[in-house]
Amino acid sequence: MKNKIGKYFTYALGEIILVVIGILIALQINNWNEERKNSIEEKVILENLLENLNLSKTQSELLISGENILKQSLIQILGIESDNNGLKSITISDSIFKNTVWDLQSDIPTFNAYNNLKSTNKLSLIKNKNINEKFTELEFRLKKLNDILNDRLSVHQIRIDDILEKDINFIPLVKSNLPNINIENETGNNYSQLLENKRIRNLLGMKLSFTQDVIDYRKNLDTEIKDLIILIELELTQKNNESKTKN
């Protein structure tokens, strides 16, 4: 009887051990499958981020180029070029004056892929800490850029647009948008004389200063975008190499 009971407990213990081993193996397989699924999803996420960042880089470069054009136009109509010896002057047309005084760029590069990941809480799938830290830095740079853009827009709307409302005849400037209108009876504007006015020069000087600040912040953001592109490209290359090694 004792032998039978001993054999029963031994058999039962063996069965329990086999069940536990089976459960552990199943859990291990399940964890492996989850890790594999997460790894595949992480790669897709990184590829989408890379595609979006390359688009953002193109947008960023175009926006910086536009700011530099505005900056140069402001310098030229104010006659404060570094190589100006006092004899150089430019002819200021209605379109040049309008574009320089009125134009203002407030667009920013788009980061839709990153924003979508944040809203769905999937950023945690990115295992590379450097990439996550760089996106945090990107957000910081983007906020600083937004702040300076809003400051420039606020000053522009409150004060600089007054030049076009109060100091000139705006109708001739409309012709650049509506070339078929007749402005023969409109009073022309003497922009050279207008730009000798201290108030107007100071307002355009403020716009120039803000524009340089915007360029600096845009360049900082552009640097973060390019650094992120390099990091993600390296991460994807590493993952592709690991995948080839496993296969």
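In case you missed it, the structure is sitting above this.
As the structure is a prediction and not an experimental result, all values here were calculated from the model. (Residues numbered from 1 in each chain as written. Predicted model: local features only at pLDDT ≥ 70, side-chain atom pairs only at ≥ 80, totals over all residues. Heavy atoms only, no water.)

Caption draft 1: Structural view of the pattern of salt bridges. Throughout the structure, instances matching the rule amount to 16 salt bridges. Between Lys118 and Glu139 there is a salt bridge; the shortest N-O distance is 2.8 Å. Here the residue Lys118 occupies a position in helix α3 (residues 112–119), and Glu139 occupies one in helix α4 (residues 129–167), the gap between them amounting to 21 residues. Classification of Lys118 as partly exposed rests on a relative accessible area of 38%. On the basis of relative accessible area, Glu139 is assigned to the partly exposed category, the value being 32%. With its nearest N and O atoms 3.2 Å apart, the salt bridge here joins Asp147 to Lys143. Of the two residues, Asp147 and Lys143 both sit in helix α4, four residues apart, roughly one turn of that helix. (Salt bridge = Lys/Arg side-chain N within 4 Å of Asp/Glu carboxyl O. Helix = DSSP H or I, 4+ residues; strand = E, 2+ residues; numbered from the N terminus. Buried < 20%, exposed > 50% of the residue type's maximum accessible area, 1.4 Å probe, protein only.)

Caption draft 2: The arrangement of the nonpolar core in detail. Counting 28 residues, the largest nonpolar core has Leu49, Leu53, Phe111, Phe135 and Ile232 as the members making the most contacts within it. Secondary structure elements with two or more residues in this core: α1 (2–78), α3, α4 and α7 (198–246). Excluding residues that lie within four positions of it along the chain, Ile232 makes contacts with Leu46, Leu49, Leu50, Leu53, Ile131 and Phe135. Counting residues in hydrophobic clusters, the runner-up holds 20 residues, among them Ile75, Ile92, Ile160 and Ile163. (Core = buried A, V, L, I, M, F, W, Y, C linked by side-chain atoms within 4.5 Å. Contact = heavy atoms within 4.5 Å.)

Caption draft 3: Representation of α3. Restricting attention to buried positions, one finds in α3 the residues Ala113, Tyr114 and Leu117. End-on, the buried residues of α3 take up no more than an arc of 100 degrees, which puts them together on one face. The positive-phi residue at the C-terminal boundary of α3 is Asn121, with phi of around 55 degrees. (Arc of directions from axis to C-beta.)

Caption draft 4: Spatial organisation of the side chain of Asp222. Assignment of secondary structure puts Asp222 in helix α7. Look at Asp222 and you get buried, because its relative accessible area is 7%. Sequence-distant contacts of Asp222, that is, excluding residues within four places in its chain, are made with Lys57, Ser60, Glu61 and Ile64.

Caption draft 5: Representation of the packing of helix α2 (residues 94–102) against α4 in the model. At a minimum axis distance of 10 Å, the contact between α2 and α4 shows a crossing angle of 165 degrees. The orientation of α2 relative to α4 falls into the category roughly antiparallel. For the pair α2 and α4, the crossing hand works out as right-handed. In contact with Phe97, Val101 and Trp102 of α2, α4 contributes His156, Ile160, Asp161, Ile163 and Leu164. Its residues placed into classes, the contact of α2 with α4 shows six nonpolar, one polar and one charged. (Axes fitted to C-alpha atoms, helices over the stretch in contact; angles between N-to-C directions. Parallel < 35°, antiparallel > 145°, perpendicular 65-115°, else oblique. Left-handed = near helix turned anticlockwise from the far one by under 90°. Nonpolar A, V, L, I, M, F, W, Y, C, P; charged D, E, K, R; others polar.)

Caption draft 6: How the structure looks around unusual backbone geometry. Phi angles above zero are rare outside glycine, and Asn121 is one such case at about 55 degrees. Mapped onto the fold, Asn121 is located in the loop between α3 and α4.

Caption draft 7: Inspection of the side chain of Ser60 at higher detail. The residue Ser60 is located in helix α1 in this model. Once residues lying within four places of it in the same chain are set aside, the contact partners of Ser60 are Pro109, Arg218, Asp222 and Ile225.

Caption draft 8: Expanded view of the environment of Asp107. Along the chain, Asp107 falls in the loop between α2 and α3. Exposure remark for Asp107: the relative accessible area of 44% places this residue in the partly exposed category. Expressed as a C-alpha distance, the spacing of Asp107 and Leu149, which sit 42 residues apart in the sequence, is 8.8 Å. Residues within four places of Asp107 in sequence aside, it is in contact with Leu63, Leu149 and Arg218.

Caption draft 9: Representation of the packing of aromatic side chains. In this structure the tally under the stated criterion is three aromatic pairs. Ring geometry for Trp102 and Phe170: centres 5.2 Å apart, planes at 85 degrees, overall edge-to-face. Pair noted here: Trp102 is in helix α2 and Phe170 is in the loop between α4 and α5 (171–174), with a separation of 68 residues, a long-range link. Judged by relative accessible area, Phe170 falls into the partly exposed class, the value being 24%. Both rings, one in Tyr114 and one in Phe135, keep their centres 4.4 Å apart while their planes meet at 5 degrees; by these two values the pair is stacked. Of this pair, Tyr114 sits in helix α3 while Phe135 sits in helix α4, placing them 21 residues apart in sequence. Under the relative-accessibility criterion, Tyr114 is labelled buried at 6%. Here Phe135 falls in the buried class, since its relative accessible area comes to 2%. (Phe/Tyr/Trp six-rings, centres within 6.5 Å; stacked < 30°, edge-to-face > 60°.)

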